Amino acid sequence: MTFEVVVFDWDGTLVDSEQHIVSSIEFAASKLGLPELSYDEMKDIIGLGMQEALQKLYPGLDDDGIAALRAHYSSAFFSKQASPASLFSGVKDALEGLRSRKVNMAVATGKSRRGLERALDATQLRPYFDIERCADETRSKPDPLMLQELCEYFSLPPEKMLMVGDTEYDLHMAQNIGMPAVGVSYGVHDVSRLQKYKPLKIVDNLTEVLTLI
């Protein structure tokens, strides 16, 4: 099977940001006096667009409440930057390996454009990617719109591209457009949740993706 483009999720796939995201949600909720949620409930939304994630966590909040929650979350989240040390083991080697094979790379993330721009620079990963799509400029996963837009950008059908992610939102999005996918075992969602979407492979280290190219 030949793939001309590999599309990566960001949080939980390339960057280990789970604890920071959860602590930022906790901070925002405490500022508004909202009910405490479990760690698992909060981490489960990682991968969704922020608006959709917060609505899922606190469905009773009106638009103003969601806006206030999002503002407090952003304040906490942007107080700390990602760095090259935040990358999961094998990420840099995998990206270098794909680049040496002349495979194009893209990002499809639930992050905001503002958040991704900061993260691309802080992690020094910007040079690897031809294009990125963020939830606040398209639609949140598992809607396949961001993958459709990437297919249009590269002028390729979905089957010539590979989605790599750590959540069922990533794999469901790929399934919705007919794009092959790989799951990673070290991210937010358990392997059993990923297997429901029949990925080509579930890897323990991102360098294993190179065996599929």
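Preceding this section is the structure that the text describes.
One structure accompanies this document, and this report is about it. (Residues numbered from 1 in each chain as written. Predicted model: local features only at pLDDT ≥ 70, side-chain atom pairs only at ≥ 80, totals over all residues. Heavy atoms only, no water.)

Turning our attention to unusual backbone geometry. In this structure, the amide linkage connecting K141 to the following residue, P142, adopts the cis form with an omega of 10°. Here P142 lies in the loop between strand 3 (131-134) and helix 7 (145-154). At K102, a residue that is not glycine, the phi angle is positive and equals roughly 60°. Within the secondary structure, K102 is located in the loop between helix 5 (91-100) and strand 2 (104-109). The phi torsion at Q124 lies on the positive side, around 65°, for a residue other than glycine. With respect to the helices and strands, the residue Q124 is situated in the loop between helix 6 (113-123) and strand 3. (Helix = DSSP H or I, 4+ residues; strand = E, 2+ residues; numbered from the N terminus.)

Here the focus is helix 4 (residues 63-77). In this model, helix 4 (15 residues) spans 21 Å end to end at C-alpha, consistent with the 21 Å of a helix rising 1.5 Å per residue. Listed as buried for helix 4 are G65, I66, L69, Y73, S74, A76 and F77. Buried-residue contacts for helix 4 involve helix 1 (18-31), helix 3 (50-57) and helix 6. Taking the backbone nitrogen of D64 as reference, a side-chain oxygen 3.3 Å away marks D62 as the first, capping residue of helix 4. (Expected span 1.5 Å × (residues − 1). Buried < 20%, exposed > 50% of the residue type's maximum accessible area, 1.4 Å probe, protein only. Contact = heavy atoms within 4.5 Å. Polar contact = N/O pair within 3.5 Å; in protein donor to acceptor, adjacent residues only side chain to side chain.)

The next subject is the environment of N205. Among the secondary structure elements, N205 is positioned in the segment after strand 6 (201-203). In this structure the C-alpha to C-alpha distance between N205 and S74, which are 131 residues apart in sequence, comes to 30 Å. Excluding its chain neighbours within four sequence positions, the residues that come into contact with N205 are S89, G90 and Y186. Among the polar contacts made by the side chain of N205, one reaches the main-chain carbonyl oxygen of S89 at a distance of 3.5 Å.

Turning next to the sheet that holds strand 1 (residues 5-8). Sheet strands line up and pair through hydrogen bonds in the backbone, either parallel or antiparallel. On the basis of which strands lie adjacent, the open sheet formed by six strands has the order 3-2-1-4-5-6 and parallel pairing. Both edges of this open sheet fall to strand 3 and strand 6, since each of them pairs with a single strand only. Adjacent strand axes in the sheet meet at a mean angle of 20°, parallel and antiparallel pairs treated alike. Sitting on the sheet, helix 7 is in contact with strand 1, strand 2, strand 3 and strand 4 (161-165), with an inclination near 160° to strand 2. (Pairing = 2+ DSSP bridges. Axes fitted to C-alpha atoms, helices over the stretch in contact; angles between N-to-C directions.)

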